[in-house]
Amino acid sequence: MNRNVIVVLCVVVAITGLLLVGKRASKSPESANAAGSAQGAPPPGAGDPAKGSVAPVFELMSIPDGKATKLTSFRGKAVLLNFWATWCGPCKIEMPWLVDLQKKYGNQGLQIVGVAMDDTSDKEIADFAHKMGVNYVVLKGTEKVGDLYGGVDRLPLTYFVDRSGKVVDEIVGLRGSADIEEAIKKTLAQGN
Amino acid sequence: MKTGNSGSGMKLHRLFLLALCVGLFNAALASAQEAAPPQGHTFVNFVSAGNVVVSPGHSTPVHFTFHVVDPYHVNSSQPLAEELIPTQLHFSLPAEVAIGKLQYPAGKVMSFPFDPSTKLSVYSGDFVVNGLVIAPGQASTGTYTIHGELKYQACDNNSCYPPKKLPFTFNVKVGSGGKAIPKARPTRTSPHIHN
């Protein structure tokens, strides 16, 4: 009887262990690294577009002119897709960096696209972008588009999409401008 | 003898089935926990409002204590930039209870490591919002469950998270001069908040 109990316990432990190990192994290392960027922070959404995959396409209204803009309209350019919000302090910090990088790499084919995930009015977003001296495309984000990019549950969230529309890199949260510039260079060099 | 072996075999078989069920249950539980959406992540917890007892026609202080989970912070009630979302408390109240003017604590002034020049006014760790619970003179005695909601927006050192609402409840006993509240009175509940 004792032997039976030991066998049963071993089976329970083995099944649980194997299933958990399998689940952990199926996670991408990028997600695991990003999740570890802030202690205790929720991990990025499971639906994040993976590196090398085609960036989920969308159509959003531009601010302030209200023009329907498709991500695919930037094909042939390297796109820095930056999810941000007016209430996001770290987003505000990196906006001047993005302005400078648009100036520096625009003639090499970089297009920065800011997707505002605000619930506020278009005017407030436009005024804020104007105040920040934004010189790149600003679109009004939607929950649906956020879901395509893993839920966008933390900001800033930046994807680097090459000229062929594939995701080259992802930066979760605020990092230094040098990291962003390095990812831009890598993105400009790919998908030609 | 035969019967004994057969019985033992059946027992082992049942134990294996049980083990399989327990293993699968554990795995399902672990999987559900890992797949839990970040939207459900807790940044702020309601700690307590203390023991609130008030006589009709009187008021009594109330202290709402909240805890901001480390390593996050939330904007104070008066953030230093107009586009930042302030922390605010809202209540849904029955006719028998009112909440007087709330006094929010001053925020701690801090800045993000990437931009020391920009100052923020935030709450981290525990913070307490003070207020007054008022029972109008005609208020019926009884225990009232009050529904409150804390609106906040959390950040850590390199990310910010979408604005959230933390619903919470606390009880207010409306009685006379500290006398025991009659057990016969039913507990009344304030309407839920729908925003």
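Structural notes, computed from the coordinates.

Conventions we followed
Residues numbered from 1 in each chain as written. Chains lettered and ligands numbered in written order. Predicted model: local features only at pLDDT ≥ 70, side-chain atom pairs only at ≥ 80, totals over all residues. Helix = DSSP H or I, 4+ residues; strand = E, 2+ residues; numbered from the N terminus. Buried ≥ 20, exposed ≤ 12 C-beta atoms within 10 Å, placed from the backbone. Contact = placed C-beta atoms within 7 Å. Pairing = 2+ DSSP bridges. Axes fitted to C-alpha atoms, helices over the stretch in contact; angles between N-to-C directions. Left-handed = near helix turned anticlockwise from the far one by under 90°. Nonpolar A, V, L, I, M, F, W, Y, C, P; charged D, E, K, R; others polar. Arc of directions from axis to C-beta. Core = buried A, V, L, I, M, F, W, Y, C linked by C-beta atoms within 7 Å.

### A short note on the overall build of chain B
Logical step 1: Of regular secondary structure, chain B possesses one helix and 13 strands.
Logical step 2: In chain B, which comprises 195 residues, the proportion classed as buried is 26%.
Logical step 3: Considering only contacts in chain B between residues 6 or more positions apart, those separated by 24 or more positions represent 74%.

### Points about the overall build of chain A
Logical step 1: Helices and strands together make up the secondary structure of chain A, namely six helices and seven strands.
Logical step 2: For chain A, the succession of helices and strands along the chain, N to C, is α-α-β-β-β-α-β-α-β-α-β-β-α.
Logical step 3: A total of 192 residues make up chain A; the buried ones form 39% of that total.
Logical step 4: Nonlocal contacts in chain A, meaning residues at least 24 apart in sequence, comprise 72% of its contacts between residues at least 6 apart.

### Some points on the sheet that holds strand β5 (residues 137-140) of chain A
Residue and element names in this part refer to chain A.
Logical step 1: Pairing in this open sheet of seven strands is mixed, and the strands run β2-β1-β5-β4-β3-β6-β7 from one edge to the other. This sheet does not close on itself; its edge strands, each paired only once, are β2 (68-70) and β7 (167-172). Strand after strand, the sheet turns through a mean of 30° between neighbouring axes, direction not considered.
Logical step 2: Where strand β6 (residues 157-161) meets β7, five bridges bridge the pair, whose relative direction is antiparallel. When the sheet's bridge partners are listed, Val 161 is paired in β7 with Val 167.
Logical step 3: Strand contacts of helix α3 (residues 89-105): β3 (78-84) and β4 (110-116), with the helix running at about 155° to β4, the strand carrying the most contacts.

### A closer look at the sheet that holds strand β1 (residues 44-48) of chain B
Residues and elements named next belong to chain B.
Logical step 1: An order of β1-β3-β9-β6 is seen for the four strands of this open sheet, with the pairing classed as antiparallel. Because the sheet does not close on itself, it has two edges, and the strands there are β1 and β6 (98-99).
Logical step 2: One ladder, built from two bridges, connects β6 with strand β9 (residues 125-135); its direction is antiparallel. Residue pairing for β9: Ala 98 is matched across the bridge by Ile 134.

### A word on the packing of α3(A) against helix α6 (residues 177-189) of chain A
All names here are of chain A.
Logical step 1: Packing of α3 against α6 brings their axes to within 11 Å, and their N-to-C directions diverge by 30°. Classified by chirality, the crossing of α6 by α3 is right-handed. Contacts between α3 and α6 pair Trp 97, Leu 101 and Tyr 105 from the former with Ser 177, Ile 180, Glu 181, Ile 184 and Leu 188 from the latter.
Logical step 2: The class makeup of the residues in the contact of α3 with α6 is six nonpolar, one polar and one charged.

### Some thoughts on helix α4 (residues 122-131) of chain A
For an α-helix the count is 3.6 residues per turn, leaving residues at separations of three or four pointing the same way.
Residues and elements named next belong to chain A.
Logical step 1: Of the positions making up α4, those classed as buried are Ile 125, Phe 128 and Ala 129. The buried residues of α4 all sit within an arc of 100° when viewed along its axis, so they share a single face. Opposite the buried face of α4, at more than 90 degrees from it, the exposed residues are Lys 123, His 130 and Lys 131.
Logical step 2: On the buried face of α4, the contacting elements are β4 and β5.

### Thoughts on the nonpolar core
Logical step 1: Counting 76 residues, the largest nonpolar core has A:Val115, A:Leu155 and B:Val74 as its most contacted members.
Logical step 2: It is β3(A) that contributes the most residues to this core, six residues altogether.
Logical step 3: Among all residues touching A:Leu155, those that are not within four sequence positions of it are A:Phe83, A:Trp84, A:Ala85, A:Cys88, A:Cys91, A:Met117, B:Ser159 and B:Cys160.

### Focus on the pairing of strand β12 (residues 164-174) of chain B
The side chains of a regular strand alternate, first on one face of the sheet and then on the other.
Residues and elements named next belong to chain B.
Logical step 1: One ladder, built from three bridges, connects strand β2 (residues 52-54) with β12; its direction is parallel. Following the sheet pairing, Val 52 is matched in β12 by Val 172.
Logical step 2: The pairing of strand β10 (residues 142-152) with β12 spans 11 bridges and is antiparallel. The residue bridging Thr 143 from the neighbouring strand is Lys 173, located in β12.

### Re the pairing of β6(A)
Residue and element names in this part refer to chain A.
Logical step 1: Judged by how many residues are buried, β6 sits mostly within the fold: five of five residues are covered.
Logical step 2: Of the two faces of β6, the one lined by Leu 157, Tyr 159 and Val 161 and the one lined by Thr 158 and Phe 160 are each fully buried.
Logical step 3: As paired elements, β3 and β6 share five bridges and run antiparallel to each other. Note on β6: the bridge partner recorded for Val 79 is Val 161.
Logical step 4: Remark: five residues form the turn of the hairpin made by β6 and β7, two consecutive strands paired antiparallel; Gly 165 in that turn has positive phi of roughly 95°.

### With respect to the environment of A:Glu124
Logical step 1: Inspection of the secondary structure puts A:Glu124 in helix α4.
Logical step 2: The spatial distance from the C-alpha of A:Glu124 to the C-alpha of A:Gly66 is 14 Å, given a sequence separation of 58 residues.

### Observations regarding unusual backbone geometry
Logical step 1: Put simply, A:Leu155 and A:Pro156 share a cis peptide bond, and its omega is -5°.
Logical step 2: The step from B:Asp70 to B:Pro71 runs through a cis peptide bond, and the omega angle for that step is 10°.
Logical step 3: Here the phi dihedral of A:Val152 falls at roughly 45°; this positive angle occurs in a residue that is not glycine.
Logical step 4: Relative to the elements of secondary structure, A:Val152 occurs in the loop between α5 (143-148) and β6.

### Quick word on the environment of A:Lys103
Logical step 1: One can find A:Lys103 in helix α3.
Logical step 2: Sequence spacing of A:Lys103 and A:Tyr136 is 33 residues, and the spatial spacing of their C-alpha atoms is 9.2 Å.

Interpretation note: all reported values are geometric properties and have no functional meaning in isolation.
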